[in-house]
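In case you want the letters, here they are:
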Amino acid sequence: MQFWYFLTALTLISALMVVLSKNPIHSVLYLVFTFFCISGHYVLLNAQFLMAVNIIVYAGAIMVLFLFVIMMLDLRRNSPDSKTNLTKLAGAVVGGTVLVIFIAATRKINLGTGADNAFYNSQTGMVENLGQILYRNYLLPFELVSILFFVAMVGAVMLGKREAGERNF
Amino acid sequence: MLSEFGYILLFIITAIVFTAVILFVAKLLRPNRPNVEKLTTYESGEEPDGNANVRFNIRFYVIALLFVLFDLELVFLFPWATVFGNETLNNSTDGLWGWFAIVEMFIFVGILILGLAYAWIKGHLDWVRPEVQEPQFKSPVPISKYEAINKKYS
Amino acid sequence: MFVALLICLSLVLANVVIGVYTERKVSAFMQDRLGPMVVGKYGSLQLIADLVKLLLKEDIVPKLADKWLFLAAPCMIFVAIFAGFAVIPLGPGEYLQGSQAQIGVFYLLAIVSIDIIGVLMAGWSSNNKYSLLGAMRSVAQIVSYEIPLGLSVLCVVMVSQTLNLQEISTQQGIFSGHDNYLFGLKSLGIDVTQVGGFLTWNIFRVPFFLGVFIIFFIASLAECNRAPFDLPEAESELVGGFHTEYSGMRWALIFLSEYGMMLLVSVLGVILFLGGWNSPFPNIGSVKLANWTSGEPGSWSGAIWGFVWLLAKAYMLIFVQMWVRWTFPRLRVDQLMYLTWKVLTPFSILAVFLSAIWRMLMI
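Small disclaimer: the values here were computed from a predicted structure and weren't measured.

(A) Inspection of the UniProt feature "transmembrane region" (unreviewed entry) in chain A at higher detail. Residues and elements named next belong to chain A. Per the UniProt annotation, the sites labelled "transmembrane region" (unreviewed entry) are residues 6-21, 28-45, 51-73, 85-105 and 138-159. Here residues 28-45 is 94% helix and 0% strand, with 26 Å between the C-alpha atoms at its ends. Summarising residues 85-105: 100% helix, 0% strand, and an end-to-end C-alpha distance of 30 Å.

Structure follows, in C-alpha cells:
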C-alpha cells in the first residue's frame, strides 16, 4: 500500500512536469517516465501484458515519433509569436472545458466497496487468458483493428508524399 | 520476498546505483580544467557554425510511423502466439481451435501486408540513392567497364 | 534472484573486458597484425590500462549542450540494456534467472526498445550536428530492424507456446516435460526426448528456423549498431555518431552498454534457437553424452554445466559478430532500408505463417 502511494505521487509529479517544463524535449522525457510509472501500476494490478505493451508501444514507439516530430519542428529557434495572450486564453478555455467535462462525468460514479472476491481472478491479466478471450469472443473488433492499421498506414504514406528532385538528410 | 516484478525493479535500481557509483569514482579521480576551446562543440576543428537545428526529412517520420504500426501488429500477435497451439484446447476441439485461430491471424496480417505493399509501391521504402558522378579523367581502362561496375552495384 | 543479479552485473562487466580484448585480437588476426602487445603478456593488461585512462579523463560537457540530458543519457542507455538481463535464464533452476515473470521475452523486447530514447537524448542534447545526424540514423535503423527481430522472436514463441525464456530453454533438451519428436513432427514418430543434444534445439525441431535464425542474427547486428550496420557511428563521415561529444567515464558507459547489448542479443539468440543452456551432445545408445554433460537438474553440477554451455554458445555468436565486422563493408543507407523493409520483413512474415502451420503439425 505504501508503495502504491509512492508510485502514484511519482506519476502525478512527472505528469505535472510534462505540462510545466518549458522545453518540449524535457516534456517528452517526463512523459516517458510517466508511462513507466503507469506500467508500475499495471504490475500492481497483475496486468503483466498491458505493462509490457504500455512500455513497448507508448514509451518505446510513440515517444520516438514525438521526438522525431519535435526535432523536425526545429524548436531551438524560439518563435516569440507562439505565446500570445490569445493562445494562452484559448488554452485556458480548452483546458477548463475538459476539466468541467471530466468532473461532470465522474461526479456520479459509484466506486463501490471494492472488488468482489467471488469474481476476482488474479490471472485475468496474463497473456494466455487475454489471447483466449480476444480470439474467441472479440473476433470482429480484432479484425477491424487491422483495417484501422491499414488506413493509418495509407495515411502515413500520403502524408510523406515526396516532392520531385528533393535531396535531404 | 520480492515478487517477480520486484526483481525486475531491483535490476533497474542496481543499474542506476552502479552507474552512479562509477561516475562518482571517476569524479573523484579525474581532473576538471575546462577552457573555452574545450567546451565548444566539436565540428572537425572548425568554429561551429550555428546550432544543430537541422531539419530532417519527412522520410524519418514515415519510417517511425510504419514502425509504430508494425509494433502494434506484434503486440496483437504475441497473445495469439501463446494460445493458438495450446495442446489441451486443440485436442478438445480436434484441432479446430488452432486452425481457426490461424485463419483469423492470416486475415489480420494479410491486411497489414496490403498496407506494406502500398507503401512499397508508392516508393516510401526507398531511401535516397547516391548520385553516381560521371568520372572526368583519362584512363587506359575504357569507360564502359566503369559503367558496367556502377550498374552492377547501384 | 539475487544470485542472478550479481552474476549478470559481473558478467556485463567481464564481458566488456573479454569482448574488447578478443575484438582487438580477432581483428588483428584477420588483418594479419599482432594487435595489442605492449601492456602485459600478449597485451593482456591493455584493458586495465584503458580503464585507468578512462577513469582519469576529464568529463567534458560542451557549453551549448543541454546539461542534464547530456549527463543522464548514458545512464539511461545502460539501465535499459541491463534491465533486459532480468529475464534471461543463465542456467537451469530458478536461481540463475533474475525474474521468472511469465511475460519474459516480451518484456525484454519492450525494455530494450527504451534504449533508442537514450540514444536520441544523447544525440539531441549534445547540440552537435554529427551527434544529431548519428542519433537520427541510429534510431531509424534500430526501429526498422526491430520489426524483423520481433517477428523472428514471435516464430519461436509460436512453436514453444510460452513467453518465459526458462521454459523455452527447458523445452529444448533432455529435461523437457513434453515429448520431442525429430524435426518436431509427431507423424514421423521418432521420439528424441531422451536423445537430447542438438537434435532437440529449436533450430532442429523446426528446420526452417535456420532461416529465421539468420534473420534474427542480421537484425540483432543492426540493433547493436555493429558493422556492417555501423552507419550511425561511421567514423569516416560522422566522427562518432551520437556519442561524439562524450568523454571519460560517460563514454565508457556507452561502450559498456554497447558490449552489454552484444552479449544480450547473443544470449537471447542462443536461448531462442540454439538450445539455451542445454548440452549440444546427444545420447547415442548407451553412450549418454547428453546426460554426462548436463549434470543433475536442480543441483550445482546442473547449474554450472548449463551456465558454461550458455556462455560458450553466446561467445561463439559474439565471435561470429566480430568475424562479420571484419568481412563485410559498411552498408549504404538505401541498402540498409532495402534490406529491412523489402527482404527481412516479408520473409519473417512468411516465417510466421510457416511456423503457425508447423506448430499445428507438432501437436
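(B) Fine view of helix α6 (residues 139-159) of chain A. For α6 of chain A, built from 21 residues, the straight-helix expectation of 30 Å at 1.5 Å per residue is met to within 8% by its first-to-last C-alpha distance of 31 Å. Buried-residue contacts for α6 of chain A involve α3 (58-83) and α5 (96-121) of chain B.

(C) Inspection of the domain arrangement of chain A at higher detail. Domain parsing of chain A yields domain 1 (1-76) and domain 2 (126-161). Each of domain 1 of chain A and domain 2 of chain A has a C-alpha centre, and these two points are 23 Å apart.

(D) Broad picture of the interface of chain A and chain C. Taken together, the contact pairs 17 residues of chain A with 19 residues of chain C. Breaking the side of chain A that touches chain C down by element, the ones donating at least two residues are α2 (24-44) and α3 (48-72) of chain A. Element by element, the count of residues in the side of chain A that touches chain C is highest for α3 of chain A, at 11 residues. Tallied by class, residues from the side of chain A that touches chain C come to 15 nonpolar, two polar and no charged.

(E) View of the interface of chain B and chain C. Each partner contributes residues to the interface: chain B has 61 residues there, and chain C has 58 residues. Put simply, the parts of the chain that give the side of chain B that touches chain C at least two residues each are α1 (4-29), α2 (36-39), α3, α4 (87-92) and α5 of chain B. The element best represented in the side of chain B that touches chain C is α1 of chain B, accounting for 17 residues. A class-by-class count of the residues in the side of chain B that touches chain C yields 41 nonpolar, 12 polar and eight charged.

Calculation notes
Residues numbered from 1 in each chain as written. Chains lettered and ligands numbered in written order. Predicted model: local features only at pLDDT ≥ 70, side-chain atom pairs only at ≥ 80, totals over all residues. UniProt positions renumbered as here; feature names shortened; annotations may be inferred. Helix = DSSP H or I, 4+ residues; strand = E, 2+ residues; numbered from the N terminus. Expected span 1.5 Å × (residues − 1). Contact = placed C-beta atoms within 7 Å. Domains from an automatic or database assignment. Nonpolar A, V, L, I, M, F, W, Y, C, P; charged D, E, K, R; others polar.

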